Every structure is written in C-alpha cells, then in structure tokens.
Amino acid sequence: MDRLSQRLATLHRHNDKALVTFITAGDPDLDTTEEMIRLLADAGADIIELGVPFSDPMADGPTIQLASERALAAGTTLAGILATVTRVRTAQDIPIILMGYLNPIHAYGYERFCRDAVQAGVDGVLLVDMPPEESDEFLRYAALSELNVIFLLTPTSDKSRIATVARLGRGFVYYVTVTGVTGVRQETSATLADELAKVRRKIHVPVMAGFGISTPQQAAEVAAMADGVVVGSAIVKLFEQHSGAKLKSELRRLVGDLKRAISHGPA
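We now turn to the structure provided with this report. (Residues numbered from 1 in each chain as written. Predicted model: local features only at pLDDT ≥ 70, side-chain atom pairs only at ≥ 80, totals over all residues. Heavy atoms only, no water.)

**Points about helix α10 (residues 216–223)**
Here α10 has its buried residues at Gln 218, Ala 219, Ala 220, Val 222 and Ala 223. Of the surrounding secondary structure, the elements contacted by the buried residues of α10 are α9 (192–202), β8 (207–210), β9 (228–231) and α12 (244–263). (Buried < 20%, exposed > 50% of the residue type's maximum accessible area, 1.4 Å probe, protein only. Helix = DSSP H or I, 4+ residues; strand = E, 2+ residues; numbered from the N terminus. Contact = heavy atoms within 4.5 Å.)

See below:
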C-alpha cells in the first residue's frame, strides 16, 4: 500500500478526518518550502499539496496567483520541486501531492515526469486543467509508475463526469465546494451537504472538500460532510504577510487549530 492510501486508511480506521494543506512550492524559495513541509507535518497536516507555480493559474484566486508569481520570480522549476521532495523524504513520510496545471508537466514529458516524481517521493498529482475524459496518455504513464492521479469534481459535475472520475481517479477525489476560483469565503454553501452526499455515494475513494475553507469553524463544518478538507489560500496568505519566525509560529497555530477542529468538530 502506498503512502497516501496508507495514511487515508489509518485516518478512516481511527474515524478521523484528513487535513490537506496547500502551499506554493518555491514561495518565497525552495529552501523555505522544504522547511515548511516539515513544519506542516509536525503541526498536524495529514497530506501536503505542493502547488507547482505556473504563469497562467486560471483556477486560482489572487492569493495563490501572487504566490505563483513570487515562486517563479525566485526561479522555481518543476525539476527543483522534485529535488526538494527528494530531500524532504530523508526525514518525512507525509504524503505529498503535486497540484498544478498540465503545461509544465507536458513540457517536462509525461513519462519522464511520472518516473521522476515517484522516484522523488511524490505520491500523487492533481492537474486542474486536465479533463479526465482526455487523460488517457498521462494516465498510462502514471499507472506504469504507480503514481496516484487525483481528479476534481465540482457542483456542476454531471453524472457522466462523476462516473468517469469514479473509474479513473486514484488516491482521493478533490471536491470543489464552490464555483469560481480559489480564495477565502465567509461561509459554506447551503447545498454542500446534499452535493457531497451524492458524490460520496458514487465515489469509492475518500472525498476531500476544498476551495474557500479558511477558518477552523468552516473546516469542522465541511469535514463533517466529507472525508477531509483542503485548506490553501488561508495558509498561502500567511506567506504574503509574514516571514521567518513569525511565519513559522502563525503556520503552526493555524494548522494546529484546523486539525483540532476537524478531529473534534460536529459529527
């Protein structure tokens, strides 16, 4: 059983929910990213999503767009991100997912990427602009390397899309709780419980819910409906506001609060 499946199985066995934390790789530099992966794992994250910076991040709101700009300005590359994961793996076994856009992966080469990612210690990849119906070539190489490919579902996903994701997806499904781009929201959707219940009846891997979750209270509300929550913009915002020891302390506080909230939130 791979790291991701093992972590999810352990959480399920203990009736616990997964906290998936997102940071942009290379923001402000890859040395900081390496340090922050370790900090997030120690603070309570169960899975880490590393955003691969891209010049046209169409699914991301201003906070993550700015983080991508900072990372690209610092010279972050896909090869550099994989080297960072390799270094992290000497001391950490937390599941790591690369999340981003197809273009950098296409430029790197599908077969080479899948091979190098798994060798580095990457557990899965989520490419937000790769429709599952058009993913055959990438999935072929991912399967050969035993790399989990995670797909998105949204409130507008129809029965056909849900069925395709159920058939092709591995690891978990990322359910987008709102339409639109990433970013902090003030409240969760009133229809989210029904939407998630419908998806979970048809999907046979854990369902993580994300987009707009920014506070421990929101995380607890959503975790009660899903197998876990993804928190991105609220965490990435801290990299914009702080640095050094202050960034570390704020990250530890937020991640610790989020994990405690979803572990002891509403049933």
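Still more to cover.
**Focus on the nonpolar core**
In terms of nonpolar packing, the biggest core is built from 70 residues, with Leu 50, Leu 98, Phe 113, Phe 138, Val 229 and Leu 251 touching the most fellow members. Ranked by residue count, the leading element in this core is helix α2 (residues 30–43), at seven residues. Setting aside anything within four residues of it in sequence, one finds Leu 251 in contact with Met 36, Leu 39, Leu 40, Ile 235, Leu 238 and Phe 239. Core analysis: the next-biggest nonpolar cluster, separate from the first, contains 22 residues, Val 20, Ala 67, Leu 126 and Val 176 among them. (Core = buried A, V, L, I, M, F, W, Y, C linked by side-chain atoms within 4.5 Å.)

**Some remarks on the packing of aromatic side chains**
For the structure on display, the rule yields five aromatic pairs. Look at Tyr 174 and Phe 211: their rings are 5.9 Å apart centre to centre, the planes differ by 90°, and that puts the pair in the edge-to-face class. Of this pair, Tyr 174 sits in strand β7 (residues 173–176) while Phe 211 sits in the loop between β8 and α10; the two residues are 37 residues apart in sequence, bridging distant segments of the chain. No difference in accessibility class separates Tyr 174 from Phe 211, as the two residues are buried. These aromatic residues form a ring-pair network of at least three members: Tyr 108, Tyr 110, Phe 113 and Phe 138. Just above the ring of Tyr 108 sits the side chain of Arg 112; from NZ or CZ to the centre is 3.8 Å. Across from the ring centre of Tyr 141, 5.3 Å away, lies the NZ or CZ of Arg 140, which sits over that ring. (Phe/Tyr/Trp six-rings, centres within 6.5 Å; stacked < 30°, edge-to-face > 60°. Lys NZ or Arg CZ within 6 Å of the ring centre and 35° of its normal.)

**Concerning the pairing of strand β2 (residues 47–51)**
Of all five residues that make up β2, five are buried, and the element is covered over most of its length. Side chains of β2 alternate between two faces, with Ile 47, Glu 49 and Gly 51 and Ile 48 and Leu 50 buried alike. Bridging between strand β1 (residues 18–24) and β2 involves five bridges; their strand directions are parallel. Among the inter-strand pairings, Phe 22 is bridged to a residue of β2, identified as Glu 49. Taking the sense of rotation as the criterion, the β-α-β connection linking β1, α2 and β2 turns out right-handed. (Pairing = 2+ DSSP bridges. Right-handed = clockwise from strand over helix to strand, strands pointing away.)

**Quick notes on the pairing of β9**
Burial along β9 is two-sided: the residues Gly 228 and Val 230 and Val 229 and Val 231 are all buried. Bridge analysis of β1 against β9 gives four bridges, and the strand direction is parallel. Bridge assignment links Val 20 to a residue of β9, and that residue is Val 230. Looking at chain direction, β8 and β9 are connected through two bridges and run parallel. Each bridged residue has a counterpart across the sheet, and for Ala 209 the counterpart in β9 is Val 229. Considered for its hand, the β-α-β crossover made up of β8, α10 and β9 is right-handed.

Note that all results are geometric; they support no functional claim without further evidence.
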